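Here are the chains, one letter per residue:
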Amino acid sequence: MERNATPSGNRVHIGVFGLRNAGKSSVMNAITGQNASIVSEIKGATTDPVSKAMELLPAGPVVITDTPGLDDEGPLGEERMRRALRVLDRTDVAVLVVDAAAGLAPEDRAFQQKAAEKGIALLTVYNKCDLHSAPALAENELAVSARTGEGIAALKERLAALARRQEGERKLLADLLAPGDMVVLVTPIDASAPKGRIILPQVQAIRDILDAHAMCTIAQPEELPAALAGLAAPPRLVVTDSQAFGRVKQIVPEAVPLTSFSILFARFKGVLETAVRGAAALERLRDGDRVLIAEGCTHHRQCEDIGTVKLPGWIRAHTGKTLEFAFTSGGEFPEALSGYSLVVHCGGCMLNEREMRARQQRAAGAGVPYTNYGTIIAYMNGILRRSLSPFPQATDWLEGANG
């Protein structure tokens, strides 16, 4: 996979924030070297977050997002401000753009406090320094002019340095493998599978296996017995699409570690422990309870869609309860979760780690159990313990989640 094709979920996310007409869009355009955002003297020209994927050397691939003003007005303005602050959930490095002539406003200081509470690296950038002198600068402050380019190179260097610090060493599955290991990937092709390609989790798994100098073979569940029989030795690991757990567990010998793409991504995004502990909440569901099923991407729903069709059916069959289901996708995720009894999230391949953790923490703050597709499907198939066998640290997480 080329670096310019790095998935958004694997990129460091940089958010550009500030008051209307502080020059946020101009600063973003100066950083990207493109007219990614509309620049206008009219307040509130940026009405929705605008994102641009780019290479920020020496850090590598990043996503930069321009946001509406933190001082917007009126009912629409309030919604724009909510959308701006929602970007914080996926922001690894925040840039607060301040008009050098006006200095820090109360809204700017409130934003600085919010970023600090969320543990987000923050740079405060005083724009229009060609026209007005910036105040004495602290360590995390810079003076720039988006119009003349003054200070932009220094800003990009600071952003690259902060972005490199945000890049984690967590691997999807390469850390589970040694050079020469064989991995079998089970990828069902049904009506919900995209035409002519395989989905992102499978592509990323293949790349991670290659990075570990290991090997893989790919099969649908029907061909899995032949694939295993054709190997000279048992594979180091079998990874399946979660929806095929029921069939695959019958085929793969107990001695061979078995897990799913969704479980690997929950570990990769830092939410697997919570997902494991939340799976047992199935047993506490009662008639009339509401279950939220959330996906990080937006796609056309098919008749065999796992999120809106298969999962609700399996959960109803397992619990024997009359339940209500709600569904979200893409960037939408409820601010208030107190009305739900369980949140079931996809693996989150399209979301970065910070946003996945933010969603998990929002559920925790509302006291709502949180799990994910692969974990709950393994639980319902009675193989949660087996599906976690590749991860030694997971033993302690199984308390109260019998599988």
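In this report, the structure presented in the accompanying data block is examined. This structure is a prediction, so every number in the text was calculated from the model and none was measured.

A count of helical and extended segments in the chain gives 13 helices and 14 strands. Compactness check: the chain gives a C-alpha radius of gyration of 23 Å against a globular reference of 22 Å for 403 residues, within 12% of the reference. Once the C-alpha set of the chain is aligned to its principal axes, its extents read approximately 70 × 50 × 40 Å. Counting the 403 residues in the chain, one finds 51% classified as buried. For the chain, the computed accessible surface area is about 17,800 Å², with 50% contributed by carbon and sulfur atoms. For the chain, the separation between the mean place of its 44 positive charges and that of its 46 negative charges on side chains is 2 Å.

Here the focus is the sheet that holds strand E7 (residues 182-186). A sheet is described by the order of its strands in space; here four strands give the open sequence E8-E7-E9-E10, paired in parallel fashion. Either end of the sheet is taken by a strand with one partner, and the two such strands are strand E8 (215-219) and strand E10 (258-260). Going across the sheet, the axis of each strand differs from the next one's by a mean of 25°, ignoring polarity. Pairing of E7 with strand E9 (residues 237-240) involves four bridges; the strand directions are parallel. Residue pairing in the sheet places Val184 in a bridge with Val238 of E9. Set on the sheet, helix H5 (residues 200-211) makes contact with E7 and E8; between it and E8 the angle comes to about 155°. In the packing of helix H8 (residues 261-268) onto the sheet, contacts are made with E7, E9 and E10, and the angle to E10 comes to roughly 75°.

Counted residue by residue, strand E1 (residues 12-18) has seven buried out of seven residues, so it is predominantly covered. Side chains of E1 alternate between two faces, with Val12, Ile14, Val16 and Gly18 and His13, Gly15 and Phe17 buried alike. One ladder, built from five bridges, connects E1 with strand E3 (residues 60-66); its direction is parallel. The partner of Val16 across the bridge, within E3, is Asp66. Bridge analysis of E1 against strand E4 (residues 93-99) gives five bridges, and the strand direction is parallel. By the bridge assignment, Val16 is partnered in E4 with Val95.

Tallied over the full model, the rule gives 20 salt bridges. Arg82 is the salt-bridge partner of Glu79, the closest N and O atoms lying 2.9 Å from each other. Taken as a pair, Glu79 and Arg82 lie in helix H2 (residues 74-87) at a separation of three residues, close to a single helical turn. By relative accessible area, which is 25% here, Glu79 ends up partly exposed. In this structure, Glu79 and Arg83 form a salt bridge, with 3.2 Å as the shortest nitrogen-oxygen distance. With Glu79 and Arg83 both in helix H2 and four residues apart, the pair spans about one turn of that helix.

In the structure shown here, the tally under the stated rule is zero disulfides. Summary of cysteine pairing: Cys346 is not part of a disulfide, and the nearest cysteine sulfur, belonging to Cys297, is at 6.0 Å. Under the relative-accessibility criterion, Cys346 is labelled buried at 12%.

A word on the side chain of Ser145. Among the structural elements, Ser145 can be located in the loop between strand E6 (141-143) and helix H4 (152-166). Residue Ser145 is classed as buried on the basis of its relative accessible area of 1%. Side chain to side chain, Ser145 and Asp130 meet in a polar contact 2.9 Å long. Polar contacts involving the side chain of Ser145 include one to the side chain of Thr148, which spans 3.1 Å. Excluding its chain neighbours within four sequence positions, the residues that come into contact with Ser145 are Asn127, Lys128, Cys129, Asp130, Glu150 and Ile152.

Right, let's talk about the nonpolar core for a bit. Counting 74 residues, the largest nonpolar core has Leu173, Val238, Leu311, Ile315, Ile376 and Leu388 as the members making the most contacts within it. If we ignore the near neighbours within four places in the chain, the residues touching Leu388 are Ile263, Leu272, Val276, Ala394 and Leu398.

In this section: the packing of aromatic side chains. Scanning the model with the defined rule gives two aromatic pairs in all. Considering the side-chain rings of Phe17 and Phe111, the 4.6 Å spacing of their centres and the 35° angle between planes classify their relative orientation as tilted. Here Phe111 lies in helix H3 (residues 106-117) and Phe17 lies in strand E1, a separation of 94 residues in the sequence. Assessed through its relative accessible area of 0%, Phe17 is described here as buried.

The rules behind each value
- Residues numbered from 1 in each chain as written.
- Predicted model: local features only at pLDDT ≥ 70, side-chain atom pairs only at ≥ 80, totals over all residues.
- Heavy atoms only, no water.
- Helix = DSSP H or I, 4+ residues; strand = E, 2+ residues; numbered from the N terminus.
- Rg over C-alpha atoms; globule rule 2.2 N^0.38 Å.
- Buried < 20%, exposed > 50% of the residue type's maximum accessible area, 1.4 Å probe, protein only.
- Areas by Shrake-Rupley, 256 points an atom, 1.4 Å probe, with all protein chains shown as cover.
- Lys, Arg positive; Asp, Glu negative; His and termini not counted.
- Charge placed at Lys NZ, Arg CZ, Asp CG, Glu CD.
- Pairing = 2+ DSSP bridges.
- Axes fitted to C-alpha atoms, helices over the stretch in contact; angles between N-to-C directions.
- Contact = heavy atoms within 4.5 Å.
- Salt bridge = Lys/Arg side-chain N within 4 Å of Asp/Glu carboxyl O.
- Disulfide = S-S within 2.5 Å.
- Polar contact = N/O pair within 3.5 Å; in protein donor to acceptor, adjacent residues only side chain to side chain.
- Core = buried A, V, L, I, M, F, W, Y, C linked by side-chain atoms within 4.5 Å.
- Phe/Tyr/Trp six-rings, centres within 6.5 Å; stacked < 30°, edge-to-face > 60°.

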